[in-house]
Amino acid sequence: MIIAVDGPAASGKGTLAAGLARHYGLPHLDTGLLYRAVGVAVQEFEETDQFPDRAVAAAEALDARDLRDPETLTTARAGSLASKVAVIAGVRQALFDFQRSFALQKGGAVLDGRDIGTKICPDADVKLFIQADSKARMERRARQFEARGEAVDRYALYHQIEERDARDMLNPHGGFYRAKDAHLLDTTQLSIEAALRAAIAIVETAM
Ligand code: C5P
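Note that this is a predicted model, so its numbers are computed, not measured.

### Concerning the sheet that holds strand β4 (residues 126-131)
Strands belonging to one sheet form pairs held by backbone hydrogen bonds; the direction of such a pair is parallel or antiparallel.
Next up, step 1: One open sheet accounts for five strands, arranged β2-β3-β1-β4-β5; its pairing is parallel. Both edges of this open sheet fall to β2 (28-30) and β5 (183-186), since each of them pairs with a single strand only. The mean inter-strand angle of the sheet, taken between neighbouring strand axes irrespective of direction, is 20°.
Next up, step 2: The sheet contact formed by β4 and β5 spans four bridges and is parallel. Along β5, the bridge assignment pairs L128 with H183.
Next up, step 3: Against the sheet, helix α1 (residues 13-24) touches β1 (2-6), β2, β3 (109-113) and β4, its axis set at about 180° to β3.

Here is the structure:
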């Protein structure tokens with residue numbers, strides 16, 4: 001069973017995907033971490049014209065071990081770098097195989113990201129598209145950062161999230177739209193537990 005979970009930044013897709021993976025005993029890949037790891041690896045070239053080539057090389061060399069440092073990968077800076085390398089066709093191509101082989105492992109998997117239902121696993125058994133309004137998403141992200149002791153400027157964070165959404169949606173090489181057969185789940189008013197129950201109910205009826 002392959003479950004594809006897509007949605008914008010801080011929509012709750014990662015938490016939901018992890019919950020579904022636990023519930024069904026499946027491995028889970030947060031594909032945003034791949035783009036974040038590539039972005040962080042080439043950050044020193046951000047303002048140079050070497051950036052695209054360096055990013056493709058970093059994506060080709062990416063190893064599962066590079067994803068083990070969530071502290072540096074979950075910062076707002078890493079998210080912004082991720083969305084910059086994500087518009088490079090060669091980066092997406094290099095990361096495609098990594099994601100595809102994860103999805104096709106025996107027994108199935110849960111993957112979350114932006115283009116899982118549209119490009120990586122158009123053949124997924126169940127597709128979820130997670131949505132939440134921008135203010136709710138900003139507030140969730142702010143609390144995550146605060147929980148680990150980081151100071152948060154809510155105004156700046158709101159704009160960062162909107163800017164990242166825009167870059168993702170306009171990405172000519174992306175696939176960030178709701179697949180025709182994806183089930184929409186709006187988590188704006190839902191607790192984590194309620195969202196997970198709703199997601200499980202969708203999976204059960206779709207099977
Ligand atoms: O999901 P997360 O916020 O960690 O993703 C970071 C960035 O990586 C996104 O803003 C997007 O630009 C890129 N991304 C992508 N395709 C995916 C997952 C993430 O383009 N499947």
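### Re the pairing of β4
Next up, step 1: Counting buried residues in β4 gives five out of six residues, a clear majority hidden from the surface.
Next up, step 2: Examined bridge by bridge, β1 and β4 share four bridges and lie parallel to one another. Paired with V5 across the two strands is L128, which belongs to β4.

### Digging into the UniProt feature "domain: Cytidylate kinase" (unreviewed entry) in the chain
Next up, step 1: UniProt records the feature "domain: Cytidylate kinase" (unreviewed entry) at residues 3-203, using the numbering of this structure.
Next up, step 2: Helix makes up 54% of residues 3-203 and strand makes up 11%, while its end C-alpha atoms are separated by 8 Å.

### Observations concerning the site of the ligand
Next up, step 1: As a structural note, the neighbourhood of the ligand is formed by 15 residues, with G32, Y35, S83, A86 and G113 the closest of them.
Next up, step 2: Only α2 (32-41), α5 (76-85) and α9 (154-170) provide two or more residues apiece to the shell around the ligand.
Next up, step 3: In terms of residue class, the shell around the ligand is built from four nonpolar, six polar and five charged.

### Examining the UniProt feature "binding site: ATP" (unreviewed entry) in the chain
Next up, step 1: The positions that UniProt labels "binding site: ATP" (unreviewed entry) are, in the present scheme, G7, P8, A9, A10, S11, G12, K13, G14 and T15.
Next up, step 2: Within the secondary structure, A10 sits in the loop between β1 and α1.
Next up, step 3: Once residues within four sequence positions are removed from consideration, A10 is found in contact with R137, R140, R141 and I161.
Next up, step 4: Relative to the helices and strands, G14 is located in helix α1.
Next up, step 5: The class of G14 is buried, set by 21 C-beta atoms lying within 10 Å.

What counts and how
- Residues numbered from 1 in each chain as written.
- Predicted model: local features only at pLDDT ≥ 70, side-chain atom pairs only at ≥ 80, totals over all residues.
- Pairing = 2+ DSSP bridges.
- Helix = DSSP H or I, 4+ residues; strand = E, 2+ residues; numbered from the N terminus.
- Axes fitted to C-alpha atoms, helices over the stretch in contact; angles between N-to-C directions.
- Contact = placed C-beta atoms within 7 Å.
- Buried ≥ 20, exposed ≤ 12 C-beta atoms within 10 Å, placed from the backbone.
- UniProt positions renumbered as here; feature names shortened; annotations may be inferred.
- Near = placed C-beta within 6 Å.
- Nonpolar A, V, L, I, M, F, W, Y, C, P; charged D, E, K, R; others polar.

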